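# Inside the fold
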Amino acid sequence: MAECSGLQFVSPYAFEAMQKVDVVRLAALSDPELRLLLPCLVRMALCAPADESQSWAQDKKLILRLLSGVEAVNSIVALLSVDFHALEQDANKEQQLRHKLGGGSGESILVSQLQHGLTLEFEHSDSPRRLRLVLSELLAIMNKVSDLNGEFFWKSSELFESPVYLEEAADVLCILQAELPSLLPIVDVAEALLHVKNGAWFMCLLVANVPDSFNEVCRGLIKNGERQDEESLGGRRRTEALRHLCRMNPSQALKVRGMVVEECHLPGLGVALTLDHTKNESSDDGVSDLVCFISGLLLGTNAKVRTWFGTFIRNGQQRKRENVSSVLWQMRRQLLLELIGILPTVRSIRIVEEPDADMEPNVSVYSGLKEEHVVKASALLRLYCALMGIAGLKPTDEEAEQLLQLMTSRPPATPAGVRFVSLSFCMLLAFSTLVSTPEQEQLMVVWLSWMIKEEAYFESTSGVSASFGEMLLLVAMYFHSNQLSAIIELVCSTLGMKIVIKPSSLSRMKTIFTQEIFTEQVVTAHAVRVPVTGNLSANITGFLPIHCIYQLLRSRSFTKHKVSIKDWIYRQLCETTTPLHPQLLPLIDVYINSVLTPASKSNPEATNQPVTEQEIWNVFQGLAGGENARLNQRYSITAQLLVLYYVLSYEEALLTNTKTLAAMQKKQKSYSSALMDQIPIKYLIRQAQGLQQELGGLHSALLRLLATNYPHLCIVEDWICEEQITGTDPLLRRMLLTNTAKNHSPKQLQEAFLMLPGNLTQVTQILEHLTLLSPGELIPYVEVLTSNMNQLLNIGVPQRILQTLNKLWMVLNTVMPRRLWVMTVNALQPSGKVFRQQKYTQKDLMIDPLIVLRCDQRVHRCPPLMDITLHMLNGYLLASKAYLSSHLKETAEQDIRPSQNPMGPEAPEVTREELKNALLAAQDSAAVQILLEICLPTEEERAQGFHLHSLLKNLQSEDAGAEQEATNLLCNLREVQCLICCLLHQMFIADPNIAKLVHFQGYPCELLALTVAGIPSMHICLDFIPELIAQPELEKQIFAIQLLSYQCIQYALPKSLSVARLAINVMGTLLTVLTQAKRYSFFMPTLPCLVSFCQAFPPLYEDIMSLLIQIGQVCASDVATETRDFDPIITRLQQLKEKPNELSGLSKDPSYKIGARDLGSMDPDVQLCQCIENTIIEIINMSVSGV
């Protein structure tokens, strides 16, 4: 608003005095300044005050004294004497009339017909008419603003343009707004004043006379403003008016700027206020407010603000009138001045191709950037990157030249200097157009060469591990492998902003890097010499040597140029700590790939060397000594876990790539089983579990490798046991740990075992104390505990000692399971084998897991040790599966060799896989059969009266004595059977085919009651019993029907009913085809099963009775030719079927049973008829008694 340039505005001093009602400061104002504030001061002096205090009475006297000498006060007093109530009524009527007439300029109620122009009328009018003239004009403008709904218009008004009457018009305006606030809201009045000449001046006077309305007026003007203020006349007038308001009240300027950003309106105003604030603030070496403000807009998290301001920059460049009055031009000029202000003062343009040999290394023709300017320079670089990359600013030649001068300056060796060089380098990559002439390109090459030369000095002096040297190396590798997208991502990450970089713009930089500065061979040789990062962790950010090595491994540069990288990787793995750096796992993976997979098929030897076994063992050496040895470890737990991850991943990758390597006739050596056995895998996994938050994805990656290659270390029971061991209760118990428990050495424990069986107290006491130790602290005792297990099998060892030993064994199993299992198996061998010094190895037990069951027979009746044996058996069965699978993959070259098999080339692989599955099935079924045999009572136990049926039915017997019940239920055999049934249940659930195979093989029928009742998963047998019944062997059919009878009692389900009907039908069919001998051998064991069918499913009663009568008739017909004495028996069977109630008591008559048994007892058919009769009577008694 250039029209206001000659007018007197309210000064900040005067406005602050009005805000605070500081009478002393008001008295110090000059007459012109005081004249602008008269409306408010006169009202203050004349109106009744709300403040009745004595101090205000004194201030009011001073104000009156101040006003007494001013002539214009009289006219303002006259204005205040008008009847404002009548004026407001007339104004409301005029508003209604205008609304009715559609806003036309008809007759005015406030102002009658004007004889002259508005200015002359104003001059000749008295105070009431002056008020009406200004009010009428103001209401007309306000109505038009409302009708046009934000569209800007220019209103020519003599009243607001005549310089002679501006002050009188301003007085009237201020009085009107003060007296009629509801009719003339101050925000609406301010909005209307934008459309007239000198509007900003009137607005400042209005706000100065109502100082409390400053924020309200500013927010209203901003809210109603344009999104882009530089685009329109209205926007520019609004911006200029708000700038005048903020100059009047500079303390609120930044708050107004905040409103601008909040509303995303008037970006030019925000920049203009910042420029005004920058000029007023004291100049120092820190980052200016302008840089901070614009950086915050473009680099903040609010995408709406970023887009809004970016549009302002783009639109500002498109306008042709880029003159001095443009806010964007002023902003760019100020930024350029700040940039020039921090450039090195002495800088030669001459390019030195070869520095003088006598010149000191740190002295050059380029002067360095001052240390106090480095942070500001970095902020300016990021700002220009944001302006060019996000807002689309196109730098002028002068800006580009000065930017390049700043980017290629040389900062001091400080952390801020390292950051500045990294930003400069990334800006050169992002905006290569800044380098346009050959001289500028040569300047950039010299600066890059200086970066390479000074990198080591910067790193050692600044103390920053992640320096720009690694970034240079990384970019060079990316250029060599043509990974331009990775370079773009690196640049955006370093600059901290997402900008669009075209890959084509990097072509010249690529040529400079790959041909002039960093050839691939130089990059590879340099990378190996870079020292590893000490104590590498996620806390060390930036670009490190590990990033460079990772990219070189991916591009196979080391193998291409025959550079060994194995030692560097091993040293870096050993120099790690928590929290885990995220680049370590990808580094190990790509290194393993470079070791196993050649870079090209033509050169299969072009691979890196793997880490040696001795180096791996050095990392773990001494770890098996327990937690006490942990303190003396040279390597951190992070290094040990990473090496473990390397070994497991290497072995898995080797098995995966066996076929590929065999096809290339390359045999890669795997790590020996002896090394793998010595690594305490489970102990390390437990350590990793407690550090999951710090290890990132390492713990889950190790678990995946463990589940694939070592399933026997991932048994669910073990995880549950670990939770119990590491829970709250064990922790509380360890708090009670006494010094006595800690002082028990393994030697003392061995001496206590030697005193067995005479002295049991000492062994019991030491073992109880050992239960309070942690798993790691128990490791030194493992040799003594396992070697003396055989002694505990002797008669007279208390159950408490055995149970305590079992508990200690389970605790040790959580940290060293594989070594513990081998020691336990060797310790529990039969005494004959011990004398022969036969020691099994881990590999022996994985090849033949059944060795575990070839232990001392006394273990089979010692439940605590049997529990340990079953645990080991389950583990070795799983280990055997993994071992055989890996063995197939290791010998995959046999599948690749040409085969003479007419079945085709695929036949060997299928056959080998089938053989493996058959071996595993035979192995599992053999283990199940051996365990079932163990469940059978021995001859001695049978002699003592232990029978399976008595053990199982004892719970249902009401007549058994309490003493006998306790003896049977708490016997060792019973406990062992429960343990075995639990394991079989897990095996059947894991692989139902094992259950099918075992039942097709068959086992003693006296075990059926135990297996069906003790193994919950036996219900799956209902799926294959029909198939088992259909087998041609009579023994399998008998076994199937006997199994079904127990299943029906245990699981009275609809499926069981349908299978039972099938069995009855099969029995009826077999009756017609079997010979006399086979009929006897089939029906004698199966007829009692019909009682169970009837008990479970009463609807089968009719079918079963018919079958029994039919069997009896067939038997009778077979001997009909020999004798006729069977007729009475057949008649009795028929009567039993028709009148069961009358003869239900026959089975209870002993004489009847004896007589029936004697009748033809030598003839099979007679015996079968007797069995039929007994079966029918049992069914009848069961139905009558309701059982």
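Attention in this report is confined to the structure presented alongside it. All of these numbers come straight from a predicted model, not from anything done at the bench.

Parameters at a glance
Residues numbered from 1 in each chain as written. Predicted model: local features only at pLDDT ≥ 70, side-chain atom pairs only at ≥ 80, totals over all residues. Heavy atoms only, no water. Helix = DSSP H or I, 4+ residues; strand = E, 2+ residues; numbered from the N terminus. Buried < 20%, exposed > 50% of the residue type's maximum accessible area, 1.4 Å probe, protein only. Areas by Shrake-Rupley, 256 points an atom, 1.4 Å probe, with all protein chains shown as cover. Polar contact = N/O pair within 3.5 Å; in protein donor to acceptor, adjacent residues only side chain to side chain. Contact = heavy atoms within 4.5 Å. Salt bridge = Lys/Arg side-chain N within 4 Å of Asp/Glu carboxyl O. Disulfide = S-S within 2.5 Å.

### Things to note about the overall build of the protein chain
Summing up its helical and strand segments, the protein chain has 68 helices and 0 strands in all. Burial status across the protein chain gives 52% buried among its 1187 residues. Entry remark: accessible area of the protein chain is about 54100 Å², with carbon and sulfur atoms responsible for 53%.

### Some remarks on helix H29 (residues 545-554)
The buried count for H29 comes to 9 of 10 residues, which makes it a mostly enclosed element. Looking at H29, one finds that the buried residues are Pro545, Ile546, His547, Cys548, Ile549, Tyr550, Gln551, Leu552 and Leu553. Where H29 ends, the next residue or the one after it, arginine 556, has phi of about 60 degrees, a positive value.

### Comments concerning the side chain of asparagine 209
Position of asparagine 209 among the secondary structure elements: in helix H13 (residues 199-209). Note on asparagine 209: relative accessible area 8%, which makes it buried. A distance of 2.7 Å separates the side chain of asparagine 209 from the backbone oxygen of leucine 205, its partner in a polar contact. In this view, asparagine 209 contacts Leu36, Leu37, Leu38, Pro39, Cys40 and Cys174; residues no more than four positions away in its chain are not counted.

### Observations regarding the pattern of salt bridges
Tallied over the entire structure, the rule returns 29 salt bridges. Aspartate 276 is the salt-bridge partner of arginine 243, the closest N and O atoms lying 2.9 Å from each other. Of this pair, arginine 243 sits in helix H15 (residues 233-248) while aspartate 276 is found in helix H17 (residues 267-280), placing the two residues 33 residues apart along the sequence. The same class applies to arginine 243 as to aspartate 276, namely buried. Among the ionic pairs, lysine 881 bridges to aspartate 924, the shortest N-O distance being 3.1 Å. Of the two residues, lysine 881 sits in helix H52 (residues 863-890) while aspartate 924 sits in helix H54 (residues 907-935), which places them 43 residues apart along the sequence. Given the relative accessible area of 28%, lysine 881 is considered partly exposed. Residue classification places aspartate 924 among the buried residues on the basis of a relative accessible area of 3%.

### Re the environment of leucine 343
For leucine 343, the position within the fold is in the loop between helix H20 (327-342) and helix H21 (374-389). Residues leucine 343 and histidine 373 lie 30 residues apart in sequence; the distance between their C-alpha atoms is 8.6 Å. Beyond its immediate stretch of four places on either side in the chain, leucine 343 contacts Gln402, Gln405 and Leu406.

### Side note on the state of the cysteines
Taken as a whole and judged by the stated rule, the model has 0 disulfides. Unpaired in terms of disulfides, cysteine 982 finds its nearest cysteine sulfur in cysteine 978, a separation of 6.9 Å. Overall, cysteine 982 belongs to the partly exposed group, its relative accessible area being 47%.

### Observations concerning the environment of threonine 771
In this structure, threonine 771 sits in the loop between helix H45 (761-770) and helix H46 (775-778). Along the backbone, threonine 771 and threonine 804 are 33 residues apart, and their C-alpha atoms lie at a distance of 7.7 Å. Within the structure, threonine 771 has its side chain in polar contact with the backbone oxygen of glutamate 768 (distance 2.4 Å).

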